[in-house]
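# Fold and contact review
The residues making up each chain are set out below.
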Amino acid sequence: MPLQSTEAIVIGGHNLGEADRIIPFFTRRLGKVRAVAKGARRVRSRFGGTLELFTLGQLVFFEWPNRTLHAINEFSVIEPFSPLKEELGRLSSGAYLVELAGAAVEDEEPNEEIFILLRDALTLLVSHDDPRLLRTFEIRLLRIAGYLLELYRCLICRTALRQTDGLAVSPSRGGLVCPNCRPRVQDSLAIASEPVKYLRLVLPGALRDSLAIPLAPPHIGGLEEILKVCIAYFLGKNLRSASFLSRFQRGI
Ligand SMILES: [Zn+2]
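These notes cover the structure that comes with them. Residue positions are counted from 1 within each chain, in the order its sequence is given. At least 70 in pLDDT is required for a residue's local features to be given in this predicted model, at least 80 for side-chain atom pairs to be given and counted, and no such filter applies to totals for whole chains, interfaces and linings, which use all residues. As a convention, hydrogens and water are excluded, and side-chain values are obtained from all of the structure's heavy atoms.

Turning next to the pattern of salt bridges. By definition, a salt bridge exists where a carboxyl oxygen of Asp or Glu is found within 4 Å of a side-chain nitrogen of Lys or Arg. Scanning the entire structure with this criterion turns up 11 salt bridges. Its salt-bridge partner being Glu-112, residue Arg-28 comes within 2.6 Å of it at the nearest N-O pair. Placement of the pair is Arg-28 in the loop between strand 3 (20-27) and strand 4 (31-37) and Glu-112 in helix 2 (residues 112-127), with a sequence separation of 84 residues. Measuring nitrogen to oxygen at the nearest pair gives 3.0 Å for the salt bridge that ties Arg-90 to Glu-87. Any residue under 20% of the maximum accessible area for its type is buried, any over 50% is exposed, and the rest in between are partly exposed; the area is computed with a 1.4 Å probe on protein chains only. Glu-87 gets classed as partly exposed once you look at its relative accessible area, which sits at 35%. Connected via shared salt-bridge partners are Glu-7, Arg-28 and Glu-112. Numbering of helices and strands runs from the N terminus; a helix is a DSSP stretch of H or I covering at least four residues, while a strand is a stretch of E covering at least two.

Here it is, written out as structure tokens:
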């Protein structure tokens, strides 16, 4: 039974039996890993309150060969991201980030780029509960996970898109189509010029840059709707926390 050690972020958790918890982690080296915290709900548990949502720590676990559920040996906290748990807006945004990151990969499929993206996004979310951060996280995640968001050429006629007016996004094809080709694309969604320019600027830069580039709230909302369809297409399902987040934002 090999012992593994890796940085890991707690992305969920549910009770098992009388005293245990099952914790899913997004780990740096081994992708998404699920492991049992024995006795985690006992008053004098050796895990204390360490296995809370969003916590980044060093995870040591016993790896059970040919099984998808392992056993936590130790979890030492590096960063608890406590402010994310103290306010409902940040909590729902953070819950959306961890669920989306978890949904983008299969169990135990290593993806260090997504781990770093998630860690950096949670770090920024502590001080910036800004919808532009969520939108940039989404497009980065899609790109890392292999969904090509083509922003510079029409996906149908391959013409370079120098003008950004009258364009549309095709979620099934993963990118932009020009005004001429748009009538031939069944799933095309109109996109305004400003979100196209925003996407082009934030996709190659640092995550923090997304907060320095202005985008008016109506365009952030328009981009959110488009990315929601792209993500649903890519993942083949709707995320639970995404619907909660949009209800929360609309005040329902
Ligand atoms: Zn075209």
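Within the secondary structure, Arg-29 sits in the loop between strand 3 and strand 4. Under the relative-accessibility criterion, Arg-29 is labelled partly exposed at 43%. For Arg-29 and Glu-109, which are 80 residues apart along the polypeptide, the C-alpha to C-alpha distance reads 9.2 Å. The contact partners of Arg-29, leaving out residues within four places of it in the chain, are Gln-4, Ser-5, Thr-6 and Pro-110. Pairs of N or O atoms within 3.5 Å make up the polar contacts considered here, provided that, within protein, one atom can donate a hydrogen while the other can accept it, and that residues adjacent in sequence are counted only when both atoms are side-chain atoms. Of the polar contacts made by the side chain of Arg-29, one reaches the backbone oxygen of Ser-5; its length is 3.0 Å. Residues are treated as being in contact if the distance between any of their heavy atoms lies within 4.5 Å.

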